[in-house]
Amino acid sequence: MIILFTVAIAPSLALFSYLYLRKEISSDPSRTLFKAFVYGAVMTFPILFIQHVFEEEQVFTNEFLQNTIFTGALEEFFKWLILLVFVYKNYEFDDAYDGILFGASVSLGFATVENILFLFTFGLDTAFIRALLPVSSHALFGVVMGYYFGRSKFASGDNKKWFLVSALVFPFLLHATYNTILEIHDLWLYLMIPFMLFLWWFGLTRVKYAHVFAMRQIRKRLP
């Protein structure tokens, strides 16, 4: 059981450590990051409950629609809501790169609990593919969401609202695309490889842009 639990949480810790160490700016918001991770972990259970209720009540007659659009929208909305309510106005959110860390933290909290539940159900045989696909994709969805939260935090006027909307729309579109590929049973692997390469490229470029933007903020504060 200890081995299974360790394997389940290892991908999330590795991905978050990479993003955390990429930050070369002081005053890292460690306490709020931990809270964001916990919020993300806790939200797994209401999400699973809502999904279960919708399945039992057969709200969607189209299984493809439920597995792609609804699931992606539900999970990304909860992440977005947590960041908006508990993190966005936090005083420790003091530079654009913090958005990356907060977004990844919430997403990895969710991905960690989901991975634990999945591996305890299906065993270690799925551990490698879970690390490559669901865990890393959730982390990158969170990175994208956090990037736009970071831009919104330090934008002005209508740009604030535009970035907040983008923080929900872009991760949802990416998540829905990911889910759609998984539903294409015969070709999913051939489509997933280029999509994941694109997702890593897109996510890491947001990391780079957020870091550059944060450094500009710091320079402006210097006398």
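Because the structure is predicted, anything quoted here is derived from the model rather than measured. (Residues numbered from 1 in each chain as written. Predicted model: local features only at pLDDT ≥ 70, side-chain atom pairs only at ≥ 80, totals over all residues. Heavy atoms only, no water.)

Caption draft 1: Structural view of the overall build of the protein chain. Within the protein chain one finds 8 helices and 0 strands. Secondary structure elements of the protein chain, listed N to C terminal, follow the sequence α-α-α-α-α-α-α-α. A total of 223 residues make up the protein chain; the buried ones form 49% of that total. Taking as baseline every contact in the protein chain between residues at least 6 positions apart, the subset at least 24 positions apart corresponds to 81%. About 11,800 Å² of surface is accessible on the protein chain, with carbon and sulfur atoms providing 68% of the total. (Helix = DSSP H or I, 4+ residues; strand = E, 2+ residues; numbered from the N terminus. Buried < 20%, exposed > 50% of the residue type's maximum accessible area, 1.4 Å probe, protein only. Contact = heavy atoms within 4.5 Å. Areas by Shrake-Rupley, 256 points an atom, 1.4 Å probe, with all protein chains shown as cover.)

Caption draft 2: Spatial organisation of the packing of helix 3 (residues 44–56) against helix 4 (residues 63–87). Contact geometry of helix 3 with helix 4 gives a least axis separation of 10 Å together with a crossing angle of 150 degrees. Regarding the angle of helix 3 to helix 4, the classification is roughly antiparallel. The handedness of the crossing between helix 3 and helix 4 comes out as right-handed. Listed contacts from helix 4 to Pro46, Ile47, Ile50, Gln51, Phe54 and Glu55 of helix 3 are Gln66, Phe70, Thr71, Leu74, Glu75 and Phe78. Grouping the constituent residues of the contact of helix 3 with helix 4 by class yields 7 nonpolar, 3 polar and 2 charged. (Axes fitted to C-alpha atoms, helices over the stretch in contact; angles between N-to-C directions. Parallel < 35°, antiparallel > 145°, perpendicular 65-115°, else oblique. Left-handed = near helix turned anticlockwise from the far one by under 90°. Nonpolar A, V, L, I, M, F, W, Y, C, P; charged D, E, K, R; others polar.)

Caption draft 3: Structural detail: helix 2 (residues 30–42). Between its first and last C-alpha atoms helix 2 spans 18 Å; for 13 residues at 1.5 Å apiece the expected length is 18 Å, and the two agree. Turning to helix 2, its buried residues are Thr32, Leu33, Ala36, Gly40 and Ala41. (Expected span 1.5 Å × (residues − 1).)

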